[in-house]
Amino acid sequence: MDKLSLTTTVDFKAPAAEVWKGLTDPEMVKQYFFGTTVKSDWKAGSPITFSGEWEGKTYQDKGTIKEIIPGKYILYSYWSSMSGTEDKPENYANVSYGLAENDGVTTLTLTQDNIKDEASKEHSEKNWQMVLGGLKKILEK
């Protein structure tokens, strides 16, 4: 069974540097990402963790930064403790953020792979749009 992937984009009326900060600054991430605490030193090969509480359950999602071009692009592996899957390599997804700035508008292109079915893909896409919509509100206010 082939796994699905998704690509979603959001335009920000903000410079790429501000969008990047919104994606990597723990204080900003917490404001729009369901109160999640993100921890990383943002270097290739380093761990990245997302932790917090969702509907009364604590979670610790994690991965490894595979590639990073500061201010422009990041690719990391990702496994969620809420996914109901074992913490094994085949259960990790790859998530990437790419930024392109043009005339004061930054387009963020997000991709995620290793999605098990169409329903999960739809759910993930809605979540990403909601999360990134929250970042958009912060940056454009």
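1. Structural notes on the overall build of the protein
(1) Moving on: A tally of regular secondary structure across the protein gives three helices and seven strands.
(2) Moving on: N-terminal to C-terminal, the α/β element order of the protein is β-α-α-β-β-β-β-β-β-α.
(3) Moving on: Over its C-alpha trace the protein gives a radius of gyration of 15 Å, about what one expects of a compact globule, namely 14 Å for 141 residues.
(4) Moving on: Considered along the principal axes of its C-alpha atoms, the protein spans approximately 45 × 30 × 30 Å.
(5) Moving on: Nonlocal contacts in the protein, meaning residues at least 24 apart in sequence, comprise 48% of its contacts between residues at least 6 apart.
(6) Moving on: Of the roughly 8,100 Å² of accessible surface on the protein, 52% is carried by carbon and sulfur atoms.

2. Observations regarding the pattern of salt bridges
(1) Moving on: The tally for this structure, following the rule as stated, stands at five salt bridges.
(2) Moving on: For Asp87, the salt bridge identified is with Lys62, shortest N-O distance 2.6 Å. Placement of Asp87 in the loop between β5 (73–78) and β6 (93–102) and of Lys62 in strand β4 (residues 57–69) is noted, with a sequence separation of 25 residues between them.
(3) Moving on: Its relative accessible area of 38% is what places Asp87 among the partly exposed residues.
(4) Moving on: Overall, the relative accessible area of 30% leaves Lys62 in the partly exposed class.
(5) Moving on: With a shortest N-O distance of 3.2 Å, Lys136 and Glu140 are connected by a salt bridge. On the criterion of helical spacing, the pair formed by Lys136 and Glu140 is a turn pair, its members being four residues apart in helix α3 (residues 118–140).
(6) Moving on: Residue classification places Glu140 among the partly exposed residues on the basis of a relative accessible area of 31%.
(7) Moving on: When salt bridges with common partners are traced through the structure, they connect Glu86, Lys88 and Glu90 into a single cluster.

3. Examining the pairing of strand β3 (residues 47–54)
(1) Moving on: Bridging between strand β2 (residues 37–39) and β3 involves three bridges; their strand directions are antiparallel. Each bridged residue has a counterpart across the sheet, and for Thr37 the counterpart in β3 is Ser51.
(2) Moving on: Taken together, the eight bridges between β3 and β4 define a ladder with antiparallel strand orientation. Along β4, the bridge assignment pairs Ser51 with Gln60.
(3) Moving on: Adjacent in sequence and paired antiparallel, β3 and β4 are bridged by two residues, among which Glu55 carries a positive phi angle near 50°.

4. Section: the sheet that holds β2
(1) Moving on: The strand order across the open sheet formed by seven strands is β1-β7-β6-β5-β4-β3-β2, and the pairing between neighbours is antiparallel. Every other strand in the sheet has two partners, leaving β1 (4–12) and β2 as the edge strands with one partner each. On average, each strand axis in the sheet is tilted by 20° relative to the strand beside it, whichever way the strands run.
(2) Moving on: The sheet contact formed by β1 and strand β7 (residues 105–115) spans eight bridges and is antiparallel. Its bridge partner lying in β7, Leu6 is registered against Gln112.
(3) Moving on: Its contacts with the sheet place helix α1 (residues 16–24) against β1, β4, β5, β6 and β7, and it is angled at close to 155° to β6.
(4) Moving on: Of the strands in this sheet, β1, β5, β6 and β7 touch α3, which is tilted by about 20° from β1.

Here is what the cut-offs are and how they apply
- Residues numbered from 1 in each chain as written.
- Predicted model: local features only at pLDDT ≥ 70, side-chain atom pairs only at ≥ 80, totals over all residues.
- Heavy atoms only, no water.
- Helix = DSSP H or I, 4+ residues; strand = E, 2+ residues; numbered from the N terminus.
- Rg over C-alpha atoms; globule rule 2.2 N^0.38 Å.
- Contact = heavy atoms within 4.5 Å.
- Areas by Shrake-Rupley, 256 points an atom, 1.4 Å probe, with all protein chains shown as cover.
- Salt bridge = Lys/Arg side-chain N within 4 Å of Asp/Glu carboxyl O.
- Buried < 20%, exposed > 50% of the residue type's maximum accessible area, 1.4 Å probe, protein only.
- Pairing = 2+ DSSP bridges.
- Axes fitted to C-alpha atoms, helices over the stretch in contact; angles between N-to-C directions.

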